[in-house]
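Overview (structure and organization)
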Amino acid sequence: MKRLFITLRNIFSVEELRERILNTLFFIMIFRLGSYIVLPGVDPNRLSEKAEGIFGLLDTLLGGAFSNASILALGIMPYISASIVFQLLTVAVPYFQRIQREGESGRARITQYTRLLAVAVAFVQAVAYTTSTIPSEAIMVENTTLFTFSTAIILSSGTVFCMWLGERITEKGIGNGISMLIMIGIISRFPGGLTAEFLSRGMGQALFFLIEMVLLFFVVMFVVMLTQGVRRVPVQYVKQVMGSRTYGGQRQYLPLRVNSAGVMPIIFAQSLMFLPAMISGVWAEESDLAQYVGTTFSDITSWQYNLAYGLLIVIFTFFYTAVTVNPQQMAEDMKRNGSFIPGVRPGTETANYMDNILTRIMFPGALFLACVAVLPAFAIMLGVSQEFAQFYGGTSLLIMVGVVLDTLQQIESHLLVRRYDGLMESGRVAGRQPLPT
């Protein structure tokens, strides 16, 4: 306990770190306040008490803003969908590949294009949300066309505001702003889900509740292991003699993460999984196929939903790793820095060797990621309430663990740069380096 207070004191004694933490808390407070502002023309007393199925999961990711018919009901999800599109375009379309290779200016252009597409996606999703999710008895405006158009404008503006908040957190706060907003929405629902599960069990099933908590602990530990697991590749540095001193020659290790894509495949897959149910709701009364698709993909316990969800996670894991981790670039950097992998020639052979290692560790990592993501469906089948099952595994837990670990790493870096000891004396936070001597 004493070490905890010392660490907190060290954190707030670093001026830059203190300002970043306070800025993050301020932006988060604004985001949470916005999730309680109801759309104009909607009677909050006539809204459904809770969302079910995939909409319930989406409501968890958005911190209740979805079921509250808030001005931030769509949150950051349209921006995630737009990011997926441009990630695909930078791989498949030569024009966007050239833009990406332009460096900082090219990335700025792609970011601007992503924002514009996010606004368009938000408007389409807002129309679908207004027509399929808000109960007709809760709408207090007689002109439904005018209500739908004005609501779509407001929801699109709310998405733009969330994008701005996320960018401000990344720039002036701690952690990735987009992921941070999603995590805050999830955490805000955890106390209610835990309380509801405990009350539903009662004292007669207290042992069952205790077993659930123990299993949750082991699931969290497994997710942490998956997130922090690395394959260490030995790297040898060439000896250089300068005068009477010898530099280099030591062996170090290049860590290749088992889950190099982090939490992004989960976010990408989830942002796509709620689209079939939402879009099919527009034509549900006119088409039996649309009604079937909407029913199937609104039930997170259906095998069709979980199969599609798992496949998307595996696909996005490979895709996002291929986009963010470039073995050819890594091989060129090693050659430029005078380092090599023992037994492997520099250049093309090193790139192929790294690519083979990434492929071998990425496939089981993607499978484990998909298995954890579908755990809530099995928890619900075993009698766990849906509100608590979302935290038992799946998207909620993966996002929370990933974002928390990333935030801790950033705090750790700020402390170590200023010669303070880190958050954990044993150094279990990935990326922790020894104190400079």
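Remember, it's a predicted structure, so these values are computed and weren't measured experimentally.

1. Some details on the overall build of the protein
- Across its full length, the protein carries 18 helices and five strands.
- For the protein, buried positions account for 45% of its 437 residues.
- If you take every contact in the protein between residues at least 6 apart in sequence, the share linking residues at least 24 apart comes to 70%.
- Of the roughly 22,400 Å² that the protein leaves accessible, carbon and sulfur atoms contribute 63%.

2. A look at the environment of Phe-316
- Note on placement: Phe-316 falls in helix 13 (residues 303-324).
- Exposure remark for Phe-316: the relative accessible area of 6% places this residue in the buried category.
- In the structure, Phe-316 is positioned 49 residues away from Ile-267 in sequence and 9.7 Å away in space, judged by C-alpha atoms.
- Leave out the neighbours within four places in its chain, and Phe-316 touches Ile-84, Pro-265, Phe-268, Ala-269, Leu-272 and Thr-321.

3. As for the layout of surface pockets
- Quantified by volume, the largest pocket comes out at close to 1,500 Å³.
- Taken together, 46 residues line the largest pocket, and the ones lying closest to its centre are Gln-87, Asn-176, Met-264, Tyr-320 and Thr-324.
- Of all the secondary-structure elements, those providing two or more residues to the lining of the largest pocket are helix 4 (77-92), helix 6 (104-132), helix 7 (144-172), helix 8 (177-187), helix 10 (206-228), helix 11 (264-280), helix 13 and helix 18 (394-417).
- Looking at which element gives the most residues to the lining of the largest pocket, the answer is helix 4, with seven residues.

4. Details of the environment of His-414
- Structurally, His-414 is set in helix 18.
- Take His-414: its relative accessible area is 15%, and that puts it in the buried class.
- Those residues in contact with His-414 that sit more than four places away from it in its chain are Glu-16, Leu-17, Arg-20 and Ile-174.

5. Digging into helix 8
- By the criterion of burial, helix 8 is predominantly enclosed, with ten of the eleven residues buried.
- Taken together, the buried positions of helix 8 are Gly-177, Ile-178, Ser-179, Met-180, Leu-181, Ile-182, Met-183, Ile-184, Gly-185 and Ile-186.
- With a side-chain oxygen lying 3.1 Å from the backbone nitrogen of Ile-178, the N-terminal cap of helix 8 falls on Asn-176.

6. What to know about helix 15 (residues 348-373)
- Given a rise of 1.5 Å per residue, 26 residues ought to cover 38 Å, and the 36 Å separating the end C-alpha atoms of helix 15 matches this to within 8%.
- Of all the bends in helix 15, the greatest, near 25 degrees, is centred on Met-362, and the proline Pro-364 appears no more than four residues after it.

7. Notes on the sheet that holds strand 4 (residues 251-257)
- The strand order across the open sheet formed by three strands is 4-1-5, and the pairing between neighbours is antiparallel. Because the sheet does not close on itself, it has two edges, and the strands there are strand 4 and strand 5 (339-340).
- The sheet contact formed by strand 1 (residues 230-237) and strand 4 spans seven bridges and is antiparallel. Residue pairing for strand 4: Val-230 is matched across the bridge by Arg-257.

8. Here's the deal with a nonpolar patch on the surface
- A contiguous nonpolar patch, built from Leu-207, Leu-210, Ile-211, Val-214, Leu-215, Phe-217, Phe-218 and Met-221 and spanning about 780 Å² of accessible area, is present on the exposed surface.
- Summarising the element assignment, Leu-207 is placed in helix 10.
- Classification of Leu-207 by relative accessible area gives exposed; the value is 61%.

9. Some details on the nonpolar core
- Ranked by internal contacts, the top residues of the largest apolar core, which has 64 residues, are Ile-76, Ile-266, Tyr-309, Ile-313 and Ile-399.
- With eight residues, the top contributor of residues to this core is helix 11.
- Look past the residues within four positions of Ile-313 in its chain and what remains in contact with it is Pro-265, Ile-266, Ala-269, Ala-366, Leu-369, Ala-370 and Ala-373.
- The next biggest cluster of nonpolar side chains, apart from the first, holds 13 residues, and it includes Leu-256, Val-325, Ile-341 and Ile-357.

Definitions and cut-offs
- Within each chain, residues carry numbers counting from 1 in the order of the written sequence.
- It should be noted that, the model being predicted, local features are given only for residues of pLDDT at least 70 and side-chain atom pairs only at 80 or more, the latter also being counted only at that level, while totals for whole chains, interfaces and linings use all residues.
- Each side-chain value is worked out from all heavy atoms of the structure, with water and hydrogens disregarded.
- Runs of H or I in DSSP of at least four residues are treated as helices and runs of E of at least two as strands, each being numbered from the N terminus.
- Exposure classes here rest on a 1.4 Å probe applied to the protein chains alone. A residue is buried below 20% of its type maximum, exposed above 50%, and partly exposed in between.
- Here, two residues are considered to be in contact whenever any of their heavy atoms come within 4.5 Å of each other.
- Note on areas: these come from Shrake-Rupley sampling with a 1.4 Å probe, and a residue is covered only by the protein chains present in the view.
- In the cavity and pocket records, a cavity denotes points on a 1 Å grid over the protein atoms alone where a 1.4 Å probe fits but cannot get out, a pocket denotes an open set with protein on both sides within 12 Å along at least 5 of 7 lines, and lining residues are residues with an atom within 4 Å of a point.
- Grid points are joined across faces, edges and corners, and a volume is the space filled by probe spheres set on the points.
- For the purposes of these results, a polar contact is taken to be a pair of N or O atoms within 3.5 Å, where, inside protein, one atom must be able to donate a hydrogen and its partner to accept one; residues adjacent in sequence count only when each atom of the pair is a side-chain atom.
- To estimate the expected span of a helix, subtract one from its residue number and multiply by 1.5 Å.
- In this analysis the local bend is the angle between axes fitted, respectively, to the seven residues ending at and the seven residues starting at the residue.
- Strands are treated as partners if at least two bridges between them are detected by DSSP.
- Only residues whose relative accessible area exceeds 30% and that form no salt bridge enter a patch; like-charged residues are grouped when within 9 Å of one another, and nonpolar side chains (Val, Leu, Ile, Met, Phe, Trp, Tyr) when within 5 Å.
- The salt bridge definition used is simple: a Lys or Arg side-chain nitrogen within 4 Å of an Asp or Glu carboxyl oxygen.
- Throughout, nonpolar core names a set of buried Ala, Val, Leu, Ile, Met, Phe, Trp, Tyr and Cys residues whose side chains join them through atoms within 4.5 Å.

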